[in-house]
Amino acid sequence: MLTKFETKSNRVKGLSFHSKRPWILASLHSGVIQLWDYRMGTLIDRFDEHDGPVRGVHFHKSQPLFVSGGDDYKIKVWNYKLHRCLFTLLGHLDYIRTVQFHHESPWIVSASDDQTIRIWNWQSRTCISVLTGHNHYVMCASFHPKEDLVVSASLDQTVRVWDIGALRKKSTVSPADDILRLSQMNSDFFGGVDAVVKYVLEGHDRGVNWASFHPTLPLIVSGADDRQVKIWRMNDTKAWEVDTLRGHMNNVSCVLFHARQDIIVSNSEDKSIRVWDATKRTGLQTFRREHDRFWILAAHPDMNLLAAGHDSGMIVFKLERERPAFSVSVDSLFYVKDRFLRVFEYSTQKDTQLIPIRRPGSVNLNQAPRILSYSPTENAVLVCSDTDGGSYELCIIPKDSYGRGDVVQDAKRGTGGSAVFIARNRFAVLERSSNQVLVKNLRNEVVKKSALPIATDAIFYAGTGNLLCRSEDKVVIFDLQQRIVVGDLQTSFVRYVVWSPDMESVALLSKHSIVIADKKLVHRCTLHETIRVKSGAWDDNGVFIYTTLTHIKYCLPNGDSGIIKTLDVPLYMTKIYGSTIFCLDRDGKSCPIIIDSTEYIFKLLLLRKRHDQVMSMIKNSELCGQAMIAYLQQKGFPQVALYFVKDERTRFNLALESGNIEKALESAKKIDEKDYWYRLGVEALRQGNTGIVEYAYQKTKNFERLSFHYLITGNLDKLSKMMKIAEVKNEVMGQFHDALYLGDVQERVKILENAGHLPLAYITASLHGLHDIANRLASNLGENLPSLPEGKKASLLIPPSPVLCAGDWPLLMVSKGIFEGGLDEAGRVADEDYEEAAEADWGEALDIGEVDDMKNGDIGMVVEEDDLHEEIEEEGGWDLEDLDLPPETPEAATHARSSVFVAPSPGMPVSQIWVQRSSLAAEHAAAGNFDTAMRLLHRQLGIRNFSPLRSQFIDLHIGSHTYLPGCTSAPVVSVAVERGWSESASPNVRGPPALVFNFSQLDEKVRAGYKATTAGKFSDALRYFMSILHTVPLIVVETRREVDEVKELIIIVKEYVLGLKMELKRRELRDNPVRQQELAAYFTHCNLQPPHTRLALLNAMTVCYKAQNLSTAANFARRLLETNPSNENQAKTARQVLQAAERNMKDAAQLNYDFRNPFVVCGATFVPIYRGQKDVTCPYCTAHFVPSQQGQLCAVCDLAEIGSDASGLLCSPSQIR
């Protein structure tokens, strides 16, 4: 059994295949009807209006309808396109067992537990006949596929065949015939005889569950609770039992004839499906389930598919493979059809029968040939099948048998998992039991044996002397001569292997994926399909063409794929010649299919950068569609996509994306919408194309932006005109801004005066030395005269002079791409249009004609009424209504042409690259990204107090950049300094930032700290060691060994910081001798260098001896002598203290100090924490603290939060790899 689809659900009681689409309906015991796509494996819809189990369901052959019948006594007719029930047929008085549409007439037949069968007209929505006669539940009823018969099965142990010929005659009577209608009415009223029992088939000993007709022969098959399947034959007058099939162990639920093979399929409550030979009437095969009883079977009307419903879902399956075994050799296709080996020649398209292939001796299914292997020089064929657990036949095709096909060849046979030719006269056979390959000659004699490198379940040809061995999740190429593995690859279970003609590439076809690799199995790309992959072949361009159940598709070398053609039936591809694909169908017919390869050839040329051919394809072929545009955009060719697009909006977007401002301008003119002009202005501003910016602002009437644009480009003439326009439009603020931009004081005073702001006008005039106007305004103001500030020097507001006056920004000269210019279908027309619009300096043609809310349309007239009309006259006839743009001189045009070009896209700042690539806090700080650096330190080391690190952060950032002066008016240029840079390094690859702190600096500081400690300069020493602790989080080292050294350094420095802090604290305590002794004692337990340990011991001994704590002093003396002090004075003092103590081993005061019990010192409270007592630690410096310090700032390192979670120090890239 080949399971194609399986569902898990409630018990399935009814099934129906759709005749055209890959759909199946399943009605469940829970009352739900599910609609599945068995090819995609998805649930399309569910219908749940029935109350209680639905036992019968059926698709209409041609309408978008299906019918269902359930335990709620209702028959419902549904429209699956509208997703709803159209109507309900009521009449049955008990559970409905089955429902079925008639293949031609608008009828439904239903069987029910009320012991009747009803026939309904679904168009008139009425019951047209009730078939009575059974005296128990009617378990099923169905129409004959061709004749006017109905067969029914009942628990009264009978199968009945009903003749409904009268019903057909009645339904075709002309309604105009009144007399007939009257008699028909009478017969209906008194119980007519539309359907009569033709035969009653008795023979089952128990209730019959199912009966069905043979699709073409006069046969009926039935299954019953007596566990038997019976075959019946009928003629015009009688019907009789032919045979009984025994084997089921429980009630037979359903039974039917296979539509395309001479077999009967039955299923039963014994949890099995059985397949029987209909002619020999013997069992062929049994398929069992563990726990699920079977209830229903359905067969596809046209395809070789069956479905079975059971207690926990259903399965869609095939009984036999339909893929013909074939092998391609140069111009010939060898294949097996109807137990004959045939050859098809591609050049002549001639099909010839060669030799018969023997029938398998066993009666099981799936014994047909599966694999064919052909040796052209010896004219030999290997035919492999699953007979006897895997066997092969070796046939030599006689030269004279071409065209005859009747020569029975004495084939050589053998057993083996699979057999393939590996050389001219050698073939390899897989022996699965010992996992080795036997190499045989054409006399079927073993020449050589080779053990295989992996547990292999199939072998394929992989070039002369090589085998491709397949296991569950891996394939390897094995060289039989050298017995070595040439290449291996992890893949899902491979079903078919297709080599390219030059044997350089291989496609490995799995159920739902394709892996493309080279001849050594180096992976190139993987493609996933939701629908099953069926076959494939390589075309002449190195593109892999393959078929799924529903499509012919292509796969480019980089893994891009697409659909070439839709298929109605599955095909198996054998060979590709140019644009013709030769396929075998499931019936073994070779059919050539012509395909349009333009799309994938175009993508291939684009991939291979054959731009000249791409250009000619764009010009000459009909490539179009959203998918192609999306593909070009995705692959970074928006400029190419421009030539496919007719829609102006899409063209505009693509032009902006590719930076083609000229094309964008063309489209914007045609669209002429405010939003598009605005976006064009933004892009033109980014590119510095001042002309188009100005044009776009004019189009959107964006006067504020336009004024500012004239200011920054230094176009003061037009700026003064903007002021006039603002005056005409009565926009006081706009007018005032323009006057500010121009530095026109008189105009500003006039505007303020007109607006009624006399005090402001007076101050402005006074400060700028316009005394006449100031005096006039003062007289108007009278007593309200504002006072000017005393002692302040006023400075004039003068507009800045622009860096670059008018003209476009200089752009980088980039060589034009192959697609620029050469592709313009419009030729020069569009260019001329553009030259007129954007390349000129645009003279005086300011587009202000359509000023809103103007009383007089002609602005010229309004301005003339003003006092300043003479000035305007001098401007050269500023005709404000005239929107035509003046022509430009050729020189200017060519200059503009060369300077306006697509701006290269800006790169990513180096600091951003550093941040993206690194998880090291130091590198984030160097990049200036302090926020993420702090977050990283908090996560890695639990650091909460960043103020000690502030100067380090700033040093890192400044130290990783250098600054170059540019022009006088331009800001300085920041340049990133990289670590480990060399002249030979690629300019495109960015190294990590150079860092000002390194490990060797810390070494020097440690030595300085040791020196200060020895000299007793404890404050200096503490400063050195704290500085180290505050630098280590921002150190970066290269190797793992150095990482360990950094961690070691933290421990050493922490010990010194703790000890020095205790010693400094001791020196502050003058009036507490007990605490002084304790701190001196704890200092001796810090892990210091030997000389410092001796000094600490000497110090503690001295302090305790002076305080008469002789016993404790003696302990320190002993420890001091154990260190073998090189200084004789130290040893002498220690011995003297010991002698004095031995006379009086007593302590004057009790100390919180037990030297016998190991302890660590709390970094905050300086008290011992003995072994076994609870403590908390600092996640950074590992100092120990009493539990009450949890959550406080560490007193040792002054950075981290005590007891917080942290991932640990990260100071090297080697820790991340």
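Definitions and limits used
Residues numbered from 1 in each chain as written. Predicted model: local features only at pLDDT ≥ 70, side-chain atom pairs only at ≥ 80, totals over all residues. Heavy atoms only, no water. Pairing = 2+ DSSP bridges. Helix = DSSP H or I, 4+ residues; strand = E, 2+ residues; numbered from the N terminus. Axes fitted to C-alpha atoms, helices over the stretch in contact; angles between N-to-C directions. Buried < 20%, exposed > 50% of the residue type's maximum accessible area, 1.4 Å probe, protein only. Contact = heavy atoms within 4.5 Å. Salt bridge = Lys/Arg side-chain N within 4 Å of Asp/Glu carboxyl O.

Caption draft 1: Structural view of the sheet that holds strand S5 (residues 42–47). Within the open sheet, the four strands sit side by side as S2-S3-S4-S5. Their pairing is antiparallel. Since the sheet does not close on itself, it has two edges, and those belong to strand S2 (12–17) and S5, each with one partner. When strand polarity is set aside, the average angle formed by the axes of neighbouring strands in this sheet is 20°. Pairing between S2 and strand S3 (residues 23–28): five bridges, direction antiparallel. Within S3, the residue paired with glycine 14 across the bridge is serine 27.

Caption draft 2: Region of the structure containing the side chain of glutamine 1130. Residue position: glutamine 1130 is located in helix H31 (residues 1128–1143). Glutamine 1130 gets classed as buried once you look at its relative accessible area, which sits at 12%.

Caption draft 3: Quick peek at the environment of valine 1037. Relative to the elements of secondary structure, valine 1037 occurs in the loop between helix H26 (1018–1031) and helix H27 (1040–1068). Along the primary structure valine 1037 and proline 1213 are separated by 176 residues, whereas in three dimensions their C-alpha atoms are 7.9 Å apart. Ignoring any residue separated from it by four or fewer positions in sequence, one finds valine 1037 in contact with Phe999, Glu1042, Val1043, Val1046, Cys1211, Ser1212 and Pro1213.

Caption draft 4: Highlighting the pattern of salt bridges. Following the criterion strictly, the structure yields 42 salt bridges and no others. With a shortest N-O distance of 3.8 Å, lysine 76 and glutamate 49 are connected by a salt bridge. Of the two residues, lysine 76 is situated in strand S8 (residues 74–79) and glutamate 49 in the loop between S5 and strand S6 (54–59); the sequence distance between them amounts to 27 residues. Between arginine 1075 and glutamate 1078 there is a salt bridge; the shortest N-O distance is 3.2 Å. A residue pair is termed a helical-turn pair when its members lie 3 or 4 positions apart in one helix, as arginine 1075 and glutamate 1078 do in helix H28 (residues 1073–1083) at three residues. Considered together, arginine 1075 and glutamate 1078 belong to a single accessibility category, that of buried residues. Several salt bridges share partner residues, and in doing so they unite Glu6, Lys8, Arg289 and Asp292 into one network.

Caption draft 5: The arrangement of the sheet that holds strand S13 (residues 126–132) in detail. In spatial order, the strands read S10-S11-S12-S13; together these four strands make up an open sheet with antiparallel pairing. Of all strands in the sheet, those bounded by a partner on one side alone are strand S10 (96–101) and S13. Across the sheet, the mean angle separating the axes of adjacent strands is 20° when strand polarity is ignored. When S10 meets strand S11 (residues 107–112), the two strands line up antiparallel, connected through five bridges. Note on S11: the bridge partner recorded for valine 99 is serine 110.

Caption draft 6: Quick peek at unusual backbone geometry. You will see that glutamine 115, though not glycine, has its phi angle at about 75°, which is positive. Inspection of the secondary structure assignment puts glutamine 115 in the loop between S11 and strand S12 (116–121). Of note, the phi angle at asparagine 730 is positive, near 60°, even though the residue is not glycine. Locating asparagine 730 in the fold gives a position in the loop between helix H12 (716–728) and helix H13 (732–742). The exposure class of asparagine 730 is exposed, given its relative accessible area of 61%.

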